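Architecture at a glance
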Amino acid sequence: MTQPTSPNPSATQAPDAGRRALLRTSLLGAGLLLASATPLALADNAPSLKVYGPGGPAPAMKEAATAFEKATGIKVEVTAGPTPKWIDAARANADLIYSGSETMMSDFVTAMNGQLDSADVTALYLRPLSILVRPGNPKHITGFTDLLKPGIKVLVVNGAGQNGVWEDAAGRLGDIRTVRALRKNIVAYPANSALARQAWIDQPDIDAWLIWNIWQVSNPKLAEQVAVEEPYRIYRDTGIAPTTRGKQLPASQQFIAFLQSPQGAAIFQRWGWMTNGA
């Protein structure tokens, strides 16, 4: 009987070595590594990076963290979810904080009690406000104006990076009638996206959910996506900043540089983020 052949170690290691060399070259170009350092040496001397932020950008951020560790040997621990679940831990040991909007990041600067400086924030990528509908789109919703029709039940998020976003969309044309019509159709205002997701599951009579497009990308079986048409479309970003503690670790800036690199941009694009201009 033919015995299975053992994999060639050099063949399995070559791709990883190539990726590490490529990342090292890009980081050196950004002035983030000492010329004499190697990614593995840095990994040996640096602690794991501890990163905290909201749930929306988490799938992309976690995939990026895994890719960064594979390329550099530096572990990145991403803790994500509603802010009250992690803010105390972040105050104690966070190296980096990422956000789901500029207003959210401003809130984090305040919540971190002096450990986060707004001058250190790097804006990464944008995503658009979108409409999630039930599978099959039974109400035949084709855009934002359909949400204004009598009898359409709409779910919005009122907090956690989406403060006022539905009002921003409805008020884009300066017509108060649009704001009135949408408000009349809103049936729930959960404080964050996780609570909104649960409301969408628990209340099957809700017809449409105004939220970022990335939530449908990470929950493809839960809903279908309908684009918000211009001029009603709203965009907000995800950004990242090192804490006072994180600024002492060269690996923090390495990870930020990786998020902005072509490899990092490709990861975020797969999760629905807009990476033009990156």
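Cut-offs and rules
Residue positions within a chain follow its written sequence, with the count starting from 1. Only residues with pLDDT of at least 70 are given local features in this predicted model, and only at 80 or more are side-chain atom pairs given and counted; all residues enter the totals for whole chains, interfaces and linings. Side-chain numbers here rest on the full set of heavy atoms in the structure, without hydrogens or water. UniProt positions are given in the numbering used here, feature names are shortened, and annotations may be inferred rather than shown by experiment. Ring pairs shown here join Phe, Tyr and Trp side chains whose ring centres sit within 6.5 Å, with only the six-membered ring taken for Trp; geometry is labelled stacked below 30 degrees between planes, edge-to-face above 60, and tilted in between. A ring is considered to have a charge above it if a Lys NZ or an Arg CZ atom is located within 6 Å of its centre and within 35 degrees of its normal. For the exposure calls, accessible area comes from a 1.4 Å probe over protein chains only, and a residue counts as buried if that area is under 20% of its type's maximum, exposed if over 50%, partly exposed in between. Helical segments are the DSSP runs of H or I of at least four residues, strand segments are the runs of E of at least two, and each set is numbered from the N terminus. In this context, the arc is that of the directions from the helix axis out to the C-beta atoms. For this analysis, residues touch if any pair of their heavy atoms sits within 4.5 Å.

By the naming in an unreviewed UniProt entry, the chain goes by Extracellular solute-binding protein family 1 and is assigned to Thiomonas arsenitoxydans. Under the UniProt heading Sequence similarities (unreviewed entry), the entry covering the chain gives this text: "Belongs to the prokaryotic sulfate-binding protein family." In the Subcellular location (unreviewed entry) part of its UniProt record, the chain is described as follows: "Periplasm".

Attention shifts here to the packing of aromatic side chains. Two aromatic rings are characterised by how far apart their centres lie and by the angle between their planes. For the structure on display, the rule yields nine aromatic pairs. Members of the aromatic cluster, joined through ring pairs, are Y52, W86 and F108. Over the face of the ring belonging to W200 we find R134, whose NZ or CZ atom lies 3.6 Å from the ring centre.

All right, on to helix α4 (residues 83-93) then. Every buried residue belonging to α4 is among W86, I87 and A90, and all of these are buried. Along the long axis of α4, the arc covered by the buried residues comes to 125°, so they all point the same way. Exposed and oriented more than 90 degrees from the buried face of α4 are P84, K85, D88 and A92. Buried residues along α4 sit in contact with β1 (49-53), β2 (76-80), β3 (96-98) and α5 (102-111).

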